[in-house]
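As a plain string of letters, each chain reads:
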Amino acid sequence: PFIAASSNGKSLGAPFHTTAPHHNTAAGLEERTRISRRRMATNTNKATTVLVVVLLALLAAGAPLPSSATTWKSCGDGSEPITVHDVKLTPDPVVGGNDASFNVAASVVSGAPIAAGSITVDIKYAGAEIAHEHVDLCDTTTCPLPAEGPIAITYTKNIPPFIPPGKYTIEFHATIGEGPGVLFCIAVDFTVAIGPFLGTKQGDGGATPNELLLGDGHFWKAEAMQAALVAEQK
């Protein structure tokens, strides 16, 4: 460092450094990462807040509650090695803040054992995808699957307390291993009833609304959910 001086030789202030900025150093990268995370958290909190405000406004206005009938249909072409016979939802309807279990009764008709597979799960509200994930088939049933005979598949997901009540569709698209071969494909229409929106404990170890809505590996998409909710009410 050096100290700047005036023409009469007196110091003009504290010393300053000529070292180059550290924006390319590890410390600089860490600082930019912290700033980016703060911005992402702020945007997500804003989306969650708007979603909750819109939802509570609809409830205050006496928005009609949906019926609880759960229905399903195949989205395959009929040639899949697994045939689905029935889908049951527990509980039905689902209440926000609780687990929802989709119990699939099916049978294998491939004639050969199935050692592994994966399931792509998509949840839609008002036609918009609001949640998406991939799960291991063997986490939902016993593997290897038999060459023929009945099987039971169970998928369980926690439904956040802030999710809007209404009709939803969940799609299960199962494939063999990580390849393109389709095992089965079904779409299930189900209902979410009003949950304990204002009962969320904060502080003292409790989760915040944003953590409850998006804490599951960002499974739920707050912005998409908010947009779908607003569009549904137009």
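Heads up: the structure comes first, above all this text.
Computed from a prediction, not measured in an experiment: that's the story for all the values here. (Residues numbered from 1 in each chain as written. Predicted model: local features only at pLDDT ≥ 70, side-chain atom pairs only at ≥ 80, totals over all residues. Heavy atoms only, no water.)

The secondary structure content of the protein amounts to three helices and nine strands. Along the protein, helices and strands appear, N-terminal first, in the series α-β-β-β-β-β-β-β-β-β-α-α. The buried share of the protein, reckoned over its 234 residues, is 34%. In the protein, 66% of the contacts between residues at least 6 apart in sequence involve partners at least 24 apart. Carbon together with sulfur atoms contributes 57% to the accessible area of the protein, which is approximately 13000 Å² in total. (Helix = DSSP H or I, 4+ residues; strand = E, 2+ residues; numbered from the N terminus. Buried < 20%, exposed > 50% of the residue type's maximum accessible area, 1.4 Å probe, protein only. Contact = heavy atoms within 4.5 Å. Areas by Shrake-Rupley, 256 points an atom, 1.4 Å probe, with all protein chains shown as cover.)

Tallied over the entire structure, the rule returns five aromatic pairs. Here Phe 102 and Phe 172 contribute two aromatic rings whose centre-to-centre distance is 5.9 Å and whose plane-to-plane angle is 65°, an arrangement assigned as edge-to-face. Of this pair, Phe 102 sits in strand 4 (residues 99-108) while Phe 172 sits in strand 8 (residues 166-176), and the two are 70 residues apart along the sequence. Across this residue pair, the class does not change: Phe 102 and Phe 172 are buried. Relative to Tyr 168, the ring of Tyr 125 lies with its centre 4.7 Å away and its plane at 35°, an arrangement referred to as tilted. Placement of the pair is Tyr 125 in strand 5 (residues 117-125) and Tyr 168 in strand 8, with a sequence separation of 43 residues. Neither Tyr 125 nor Tyr 168 differs from the other in exposure class; each is buried. (Phe/Tyr/Trp six-rings, centres within 6.5 Å; stacked < 30°, edge-to-face > 60°.)

What follows concerns the side chain of Glu 133. Position of Glu 133 among the secondary structure elements: in strand 6 (residues 128-136). Within the local environment of Glu 133, its side chain forms a polar contact with the side chain of Lys 157, the two groups lying 3.3 Å apart. (Polar contact = N/O pair within 3.5 Å; in protein donor to acceptor, adjacent residues only side chain to side chain.)

Tracing the chain through its elements places Thr 191 in strand 9 (residues 182-193). Through-space distance from the C-alpha of Thr 191 to that of Thr 70 is 7.0 Å; in sequence the pair is 121 residues apart. Only 3.1 Å separates the side chain of Thr 191 from the side chain of Lys 167, close enough to count as a polar contact.

Turning our eyes to something else, we now look at the pattern of salt bridges. What the rule picks out here adds up to three salt bridges. Across the pair Asp 86 and Lys 88 runs a salt bridge whose closest N-O atoms are separated by 3.6 Å. Residue class for Asp 86 comes out partly exposed when judged on its relative accessible area of 28%. The partner of Glu 171 in a salt bridge is Lys 124, and the shortest N-O contact between them spans 3.5 Å. Of the two residues, Glu 171 sits in strand 8 while Lys 124 sits in strand 5, which places them 47 residues apart along the sequence. Accessibility expressed as a relative area gives 26% for Glu 171, which makes it partly exposed. Overall, Lys 124 belongs to the partly exposed group, its relative accessible area being 27%. (Salt bridge = Lys/Arg side-chain N within 4 Å of Asp/Glu carboxyl O.)

Membership of the largest hydrophobic core comes to 35 residues, with the highest contact counts inside it found for Ile 82, Phe 102, Ile 170, Phe 172 and Phe 184. Sorting elements by how many residues they give to this core places strand 9 first, with six residues. If sequence neighbours within four positions are ignored, Phe 184 has contacts with Glu 80, Ile 82, Val 84, Ile 119, Ile 153, Phe 172, His 173 and Ala 174. (Core = buried A, V, L, I, M, F, W, Y, C linked by side-chain atoms within 4.5 Å.)

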